[in-house]
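Inside the fold
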Amino acid sequence: MSKPYRRFEMLLPLLFNDGKPVPEGLIADTLVELEQKFGAVSSETQTIRGRWHHGGVAYRDDLMRVFVDVADEQEQTARQFFAEYKERLKGRFQQLDIWMTTYPVEVL
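Figured I'd write up the structure that's included with this text. Each chain carries its own residue numbering, running from 1 in the direction its sequence is written. In keeping with the model being predicted, local features are shown solely for residues with a pLDDT of at least 70 and side-chain atom pairs are shown and tallied solely at 80 or more, while totals for entire chains, interfaces and linings include all residues. Where side-chain values are given, they derive from all heavy atoms of the structure, hydrogens and water being excluded.

1. Points about the nonpolar core
Side-chain atoms within 4.5 Å link the members of a nonpolar core, which is a set of buried Ala, Val, Leu, Ile, Met, Phe, Trp, Tyr and Cys residues. Each residue is placed in one exposure class: buried if its accessible area under a 1.4 Å probe, protein chains only, is under 20% of its type's maximum, exposed if it is over 50%, and partly exposed if it falls in between. In this structure, Met10, Leu12, Leu34, Val66, Phe82, Leu89 and Phe93 are the most contacted members of the largest nonpolar core, which totals 19 residues. Of all the elements in the fold, those that place two or more residues in this core are strand E1 (3–13), helix H1 (24–38), strand E4 (57–71) and helix H2 (75–92). Secondary structure elements follow DSSP: runs of H or I no shorter than four residues count as helices, runs of E no shorter than two count as strands, and numbering proceeds from the N terminus. No other element matches H2, which puts five residues into this core. Throughout, a contact is declared for two residues whenever any of their heavy atoms are within 4.5 Å. In this view, Leu89 contacts Met10, Leu12, Thr30, Gln94, Ile98 and Met100; residues no more than four positions away in its chain are not counted.

2. Section: the packing of aromatic side chains
The aromatic pairing rule takes the rings of Phe, Tyr and Trp, using the six-membered ring of Trp, and pairs them if the centres are within 6.5 Å, calling planes under 30 degrees apart stacked, those over 60 edge-to-face and the rest tilted. Per the counting criterion, the structure on display carries six aromatic pairs. Taking the centre distance of 4.8 Å and the plane angle of 15° together, the rings of Phe8 and Phe82 count as stacked. Placement of Phe8 in strand E1 and of Phe82 in helix H2 is noted, with a sequence separation of 74 residues between them. Phe82 sits in the buried class, given a relative accessible area of 3%.

3. What about H1?
The span you would expect from a helix comes to 1.5 Å times its residue count less one. Between its first and last C-alpha, H1 extends 21 Å over 15 residues, near the 21 Å set by a 1.5 Å rise per residue. Residues of H1 that are buried: Ile27, Thr30, Leu31 and Leu34. Looking straight down H1, one finds its buried side chains confined to an arc of 95°; they lie on one side. After H1 finishes, the residue Gly39 shows a positive phi value of roughly 85°. Each direction from the helix axis to a C-beta atom contributes to the arc, which is the arc of those directions.

4. Brief notes about the pattern of salt bridges
For salt bridges, the criterion is a side-chain nitrogen of Lys or Arg within 4 Å of an Asp or Glu carboxyl oxygen. Scanning the entire structure with this criterion turns up eleven salt bridges. Between Glu9 and Arg65 there is a salt bridge, with its nearest N and O atoms 3.1 Å apart. Here Glu9 is found in strand E1, whereas its partner Arg65 is found in strand E4, with 56 residues between them in sequence. Looking at Glu9, the relative accessible area reads 12%, which means it is buried.

This is the structure:
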């Protein structure tokens, strides 16, 4: 029998906007915080490359994908957490924005 979950996914930068590498400790702290909050966290080690524009400036990103799956009944609590957490991560990683998405998943 399958069980519905909600996935919360974010792209964390590997470089600051000025091109300097993000210290591994900032990413490690983020993963530990999410594991402590939700009991599990997953991340991908491949680099995701992105390009975007803001205020007439072109940015290039090297990113990693991090995700957490929560039971459907915890969706609203988790949604509130991630909305607030996003603001903390923007400061931690010195970013104009942190790309976060959420979507339903079904675990078999």
